[in-house]
There are 2 protein chains.
Amino acid sequence: MVVGADDVFHALADATRRDILTRVIRSGQSVSELARAYPMSFAAVQKHVAVLERAALVSKTRRGREQIVHGEVEPLRRMTRLLDGYEALWRQRAAGIEQILEEDEQ
Amino acid sequence: MVVGADDVFHALADATRRDILTRVIRSGQSVSELARAYPMSFAAVQKHVAVLERAALVSKTRRGREQIVHGEVEPLRRMTRLLDGYEALWRQRAAGIEQILEEDEQ
DNA sequence: CGCACCTACAACCATGTGGTTGTACGTTAG
DNA sequence: CTAACGTACAACCACATGGTTGTAGGTGCG
């Protein structure tokens, strides 16, 4: 696991970042477009995007002088799987659950 | 939503806390039992449990002089649902997705 | 070309976080 | 009753976080 679960959960633990994620999952948006949508400085939004990027929840591609932010769904899938693992563990139906939970710290 | 998604994700954004969660989901354990399992002070583990408790991921019940920590699976289910919402959104199959994602900030 | 726009990044500040130690209090065992 | 155990909480520290402003570099429009 190249990006830790820590990074993904931490990235998701902020309402602004979750909102940014929903926007760019719908369709890519430039950093400035995103920045205009929130009551904070451009730099602040840029930092939020950086956090999402470090968690691999978004990626950026250049388009002219703009940087377009795209949503990446794969890390979300991994987290969903992790949470499902906890749930299954709770239901005592643990078959192969240990393995899923251990991918966590790889 | 009485406990914010922020709290749940933040609680999960730490390997020690996720490990504590797996332990107590299997079966309840006292705070000291948990504390003995990690290379840190009792107080540190106690704080981790407090964070999990604030996120409603665990609850405590008294047994004699011990405080038994239990895993609560409902918040996990809510988070799984949230993540599923993002995924569905990404797949353009957005039927009622907005609603799910907005429960987020209630 | 020259200016405006988009982005990146550094410096700074207040606050929160994860860890420590120490103290205090309730409960059980002997 | 006393001693030991389990817990809670406060004070403290180093460091990360989320925000700010300012500066600088790449890109495109007129």
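Chain A is annotated in an unreviewed UniProt entry as Helix-turn-helix domain-containing protein of Actinoplanes sandaracinus.

Caption draft 1: A look at the pattern of salt bridges. All names here are of chain B. Enumeration according to the criterion identifies 14 salt bridges over all chains in this entry. Measuring nitrogen to oxygen at the nearest pair gives 3.2 Å for the salt bridge that ties aspartate 19 to arginine 23. Remark: arginine 23 and aspartate 19 occur in helix H2 (residues 15-26); sequence separation between them is four residues, near one turn of the helix. Taking relative accessible area as the criterion, aspartate 19 reaches 31% and is therefore assigned partly exposed. We classify arginine 23 as partly exposed; its relative accessible area is 29%. Between lysine 60 and glutamate 53 there is a salt bridge, and its shortest N-O distance comes to 3.5 Å. The exposure class of lysine 60 is partly exposed, given its relative accessible area of 33%. The class for glutamate 53 is partly exposed, based on a relative accessible area of 32%.

Caption draft 2: Local environment of the protein's contact with DNA strand C. Inspection of the region around DNA strand C gives 22 residues, with Ser32 and Gln67 of chain A together with Ser41, Lys47 and His48 of chain B positioned closest. In the interface set of DNA strand C, defined as its atoms within 4 Å of the protein, sugar plus phosphate atoms amount to 58%. A distance of 2.6 Å separates a phosphate oxygen of DNA strand C from a polar atom in the side chain of serine 41 of chain B. Arginine 65 of chain B has a polar side-chain atom sitting 3.5 Å from a base oxygen of DNA strand C. Counting only elements with at least two residues in the surface near DNA strand C, the list comes to helix H3 (31-36), helix H4 (42-54) and strand S3 (66-71) of chain A together with helix H4 (42-54) of chain B.

Caption draft 3: Inspection of the sheet that holds strand S1 (residues 29-30) of chain A at higher detail. Read across the sheet, three strands follow the order S1-S3-S2 (chain A) without closing on themselves; strand pairing throughout is antiparallel. Both edges of this open sheet fall to S1 and strand S2 (58-63) of chain A, since each of them pairs with a single strand only.

Caption draft 4: Spotlight on the interface of chain A and chain B. Contacts between the two partners involve 30 residues from chain A, matched on the other side by 30 residues from chain B. Overall, the association of chain A and chain B removes approximately 2900 Å² of surface from exposure, summing both partners, and the carbon and sulfur fraction of that is 63%. Summed over the shared surface of chain A and chain B, the number is four salt bridges. A salt bridge links arginine 18 of chain A to aspartate 6 of chain B, with the nearest nitrogen and oxygen atoms 2.7 Å apart. Of all the secondary structure elements, the ones that give two or more residues to the side of chain A that touches chain B are helix H1 (5-12), helix H2 (15-26), helix H5 (74-90) and helix H6 (97-103) of chain A. When residues in the side of chain A that touches chain B are grouped by element, the largest group, 10 residues, is from H5 of chain A. Of the residues in the side of chain A that touches chain B, the class split is 15 nonpolar, four polar and 11 charged.

Caption draft 5: Broad picture of the relation of the copies chain A and chain B. Take chain A, turn it by 180°, move it 0.0 Å along the axis, and it overlays chain B with an RMSD of 0.0 Å. Overall, the copies show the geometry of a two-fold rotation axis. Taken as a fraction of all interface residues of chain A, those also at the interface in chain B reach 100%, which identifies the copy contact as same-surface.

Caption draft 6: The protein's contact with DNA strand D, seen in detail. Surrounding DNA strand D, one finds 22 residues, the nearest of these being Ser41, Lys47 and His48 of chain A together with Ser32 and Gln67 of chain B. Each atom of DNA strand D within 4 Å of the protein was assigned to sugar, phosphate or base; sugar and phosphate come to 61%. Contacts to DNA strand D include arginine 17 of chain A, whose side-chain N or O atom sits 3.0 Å from a phosphate oxygen. Arginine 65 of chain B is positioned with one of its backbone polar atoms (N or O) 3.4 Å from a sugar or linking oxygen of DNA strand D.

Caption draft 7: Structural view of the pairing of S2 of chain A. All names here are of chain A. When S2 meets S3, the two strands line up antiparallel, connected through six bridges. Residue pairing across strands places arginine 63 opposite glutamate 66, the latter belonging to S3. In this antiparallel pair of consecutive strands, S2 and S3, the connection spans two residues, and glycine 64 shows a positive phi of 65°.

Caption draft 8: Focus on the packing of helix H1 (residues 5-12) of chain B against H4 of chain B. Residue and element names in this part refer to chain B. One way to put it is that H1 packs onto H4 with a least axis distance of 8 Å and a crossing angle of 145°. Classified by chirality, the crossing of H4 by H1 is left-handed. From H1, Asp7, His10 and Ala11 reach across to H4, where they touch Val51, Leu52 and Arg54. Its residues assigned to classes, the contact of H1 with H4 shows three nonpolar, one polar and two charged.

Criteria and thresholds
Residues numbered from 1 in each chain as written. Chains lettered and ligands numbered in written order. Predicted model: local features only at pLDDT ≥ 70, side-chain atom pairs only at ≥ 80, totals over all residues. Heavy atoms only, no water. Salt bridge = Lys/Arg side-chain N within 4 Å of Asp/Glu carboxyl O. Helix = DSSP H or I, 4+ residues; strand = E, 2+ residues; numbered from the N terminus. Buried < 20%, exposed > 50% of the residue type's maximum accessible area, 1.4 Å probe, protein only. Near = heavy atom within 4 Å. Polar contact = N/O pair within 3.5 Å; in protein donor to acceptor, adjacent residues only side chain to side chain. Pairing = 2+ DSSP bridges. Contact = heavy atoms within 4.5 Å. Buried area = accessible area lost by both parts, 1.4 Å probe. Nonpolar A, V, L, I, M, F, W, Y, C, P; charged D, E, K, R; others polar. Least-squares fit on C-alpha atoms with pLDDT ≥ 70 in both. Axes fitted to C-alpha atoms, helices over the stretch in contact; angles between N-to-C directions. Left-handed = near helix turned anticlockwise from the far one by under 90°.

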